[in-house]
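Single-letter residue listing:
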Amino acid sequence: MSEVLILKLGGTTLADQAHVLDEVAAVARTRPVVLVHGGGKRITEWLERLGVPSRFEGGLRVTDQAALDVAAAVLRGVVNSELVSDLRDRGVDAVGLSGVDGGFMISERVPGLGLVAHIVGIRRDFIDTLLVSGQVAVVAPLARDEQGIVCNVNADDAAAGIAAGLGARQLVLMTDVDGIRDAAGEKLATMTADVAEMLIADGVIKGGMVPKIRAALQAVNWPGAEAVICDSKDPHALSRALDDPTFGTRITAARETTRAPAGKA
């Protein structure tokens, strides 16, 4: 099992995640890191400016050619460049790429969503070359489908696909909530695949959280692997995600599920 850390960040402003990038810089000195970023809010802002409507199905953006043009420009041109620059300011040897570069991410089209693809594999030799040389890969979620058409990819799905392809022990999915809650509203400190599927089926987990959970499940198909869903706003979000069992919700393939200890939500 690989000790490479796969981290997914949202695509908000750098000011909102500067503390996380500080922690990424510290972690990158001790272990390989792949940082996958989203950009949903900023894509929506640009689509609104350009008068292009946004539509979502099952928590995923329906992407036509006009929306893809904007998504590609924002993800690869704006957010990716900003993150690489900010990490390099912190002394990190960061390099920006998308799943299109080197055919890094292998994907298949998702039916009914337009130009949206799902990651089914990676070119491990390509990413290993970067990691062995000590570089932090900053990945924009774009990939070519079976026909060679560039598609939008859900960032959580991209991160999970990379984690699965590398056999990574830890995947951290940062978001704007403190974890997953059960039907009674209690935060779960740990959650297994069967419980996750039950909560989705019962409508407790819904909207944009469904693809996030599906992505996490993709990455924990072997013993010892875990995916952590946590709140990026915590000032020590990354270190707590890696070391604090009360922080966020840890998803594993094991069968034990617990609520967070009292006072540790």
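Right, let's walk through the structure included here. Because the structure is a prediction, the values reported are computed rather than measured.

1. Focus: the side chain of Asn80
Item 1. Along the polypeptide, Asn80 turns up in helix α3 (residues 65–89).
Item 2. Residue class for Asn80 comes out buried when judged on its relative accessible area of 1%.
Item 3. One polar contact links Asn80 to Arg76, side chain to side chain, over a distance of 3.2 Å.
Item 4. One polar contact links the side chain of Asn80 to the main-chain carbonyl oxygen of Val138, over a distance of 3.0 Å.
Item 5. When sequence neighbours within four positions are dropped, the list of residues in contact with Asn80 reads His37, Leu75, Gly96, Leu97, Val138, Val139 and Ala140.

2. What to know about the layout of surface pockets
Item 1. As a volume, the largest pocket reaches approximately 880 Å³.
Item 2. Lining the largest pocket are 35 residues, with Lys8, Gly10, Gly39, Gly40 and Lys41 sitting closest to its centre.
Item 3. Residue assignment for the lining of the largest pocket shows that the elements contributing at least two residues are β1 (2–9), α1 (14–27), α2 (40–49), β4 (60–61), β10 (150–153), α5 (155–166), β11 (168–175) and α7 (209–218).
Item 4. In terms of residues, the lining of the largest pocket owes the most to one element, α2, which gives four residues.
Item 5. Partitioned by chemical class, the residues of the lining of the largest pocket number 13 nonpolar, 14 polar and eight charged.

3. Topic: the sheet that holds strand β8 (residues 136–140)
Item 1. If you trace the eight strands from one edge of the open sheet to the other, you get β5-β8-β2-β1-β11-β13-β14-β12, paired in mixed fashion. Each having just a single partner strand, β5 (94–98) and β12 (190–192) make up the two edges of the open sheet. Averaged over all adjacent pairs, the angle separating strand axes in this sheet is 20°, with direction ignored.
Item 2. In the packing of α3 onto the sheet, contacts are made with β2 (33–37), β5 and β8, and the angle to β5 comes to roughly 165°.
Item 3. Across the face of the sheet, α5 comes into contact with β1, β2, β8 and β11 while running at roughly 175° to β1.

4. Thoughts on the nonpolar core
Item 1. In this structure, Ile6, Val34, Ile162, Met191 and Ile213 are the most contacted members of the largest nonpolar core, which totals 86 residues.
Item 2. Sort the elements by how many residues they give to this core and α3 lands first, with 10 residues.
Item 3. With near-sequence residues (within four places) excluded, Ile162 lies in contact with Ile6, Val34, Val36, Phe104, Met105, Ile122 and Val139.

5. Examining α2
Item 1. Those residues of α2 that fall on the buried side of the exposure criterion are Arg42, Ile43 and Leu47. Down the axis of α2, the sector holding all buried residues measures 140°, keeping them to one side. Along α2, the residues that are exposed and aim more than 90 degrees away from the buried face are Lys41, Glu48 and Arg49.
Item 2. Where the residues of α2 are buried, they touch β4 and α3.

6. Thoughts on the packing of aromatic side chains
Item 1. Scanning the model with the defined rule gives one aromatic pair in all.
Item 2. One cation-aromatic arrangement involves Arg49 over Trp46; the distance from NZ or CZ to the ring centre is 4.3 Å.

7. Things to note about the pairing of β1
Item 1. With respect to burial, β1 is a largely interior element, seven of its eight residues being buried.
Item 2. As defined by bridge partners, β1 adjoins β11 across five bridges and the pair is classed as parallel. Each residue of the ladder has a partner; that of Leu5, found in β11, is Gln170.
Item 3. Judged from the five bridges that link them, β1 and β2 form a sheet pairing that is parallel. Following the sheet pairing, Leu9 is matched in β2 by His37.

8. Focus on the packing of α5 against α7
Item 1. The N-to-C vectors of α5 and α7 enclose an angle of 5°; their axes lie 8 Å apart at closest approach. In terms of orientation, α5 lies roughly parallel with respect to α7. Counting all contacts with α5, which are made through Asp156, Asp157, Ala160, Gly161 and Ala164, the residues of α7 involved are Lys212, Ala215 and Gln218.
Item 2. When its residues are assigned to classes, the contact of α5 with α7 shows three nonpolar, two polar and three charged.

So, how was this worked out
- Residues numbered from 1 in each chain as written.
- Predicted model: local features only at pLDDT ≥ 70, side-chain atom pairs only at ≥ 80, totals over all residues.
- Heavy atoms only, no water.
- Helix = DSSP H or I, 4+ residues; strand = E, 2+ residues; numbered from the N terminus.
- Buried < 20%, exposed > 50% of the residue type's maximum accessible area, 1.4 Å probe, protein only.
- Polar contact = N/O pair within 3.5 Å; in protein donor to acceptor, adjacent residues only side chain to side chain.
- Contact = heavy atoms within 4.5 Å.
- 1 Å grid on protein atoms, 1.4 Å probe; cavity = no way out; pocket = protein on both sides within 12 Å on 5 of 7 lines; lining within 4 Å.
- Points joined across faces, edges and corners; volume = space filled by probe spheres on them.
- Nonpolar A, V, L, I, M, F, W, Y, C, P; charged D, E, K, R; others polar.
- Pairing = 2+ DSSP bridges.
- Axes fitted to C-alpha atoms, helices over the stretch in contact; angles between N-to-C directions.
- Core = buried A, V, L, I, M, F, W, Y, C linked by side-chain atoms within 4.5 Å.
- Arc of directions from axis to C-beta.
- Phe/Tyr/Trp six-rings, centres within 6.5 Å; stacked < 30°, edge-to-face > 60°.
- Lys NZ or Arg CZ within 6 Å of the ring centre and 35° of its normal.
- Parallel < 35°, antiparallel > 145°, perpendicular 65-115°, else oblique.

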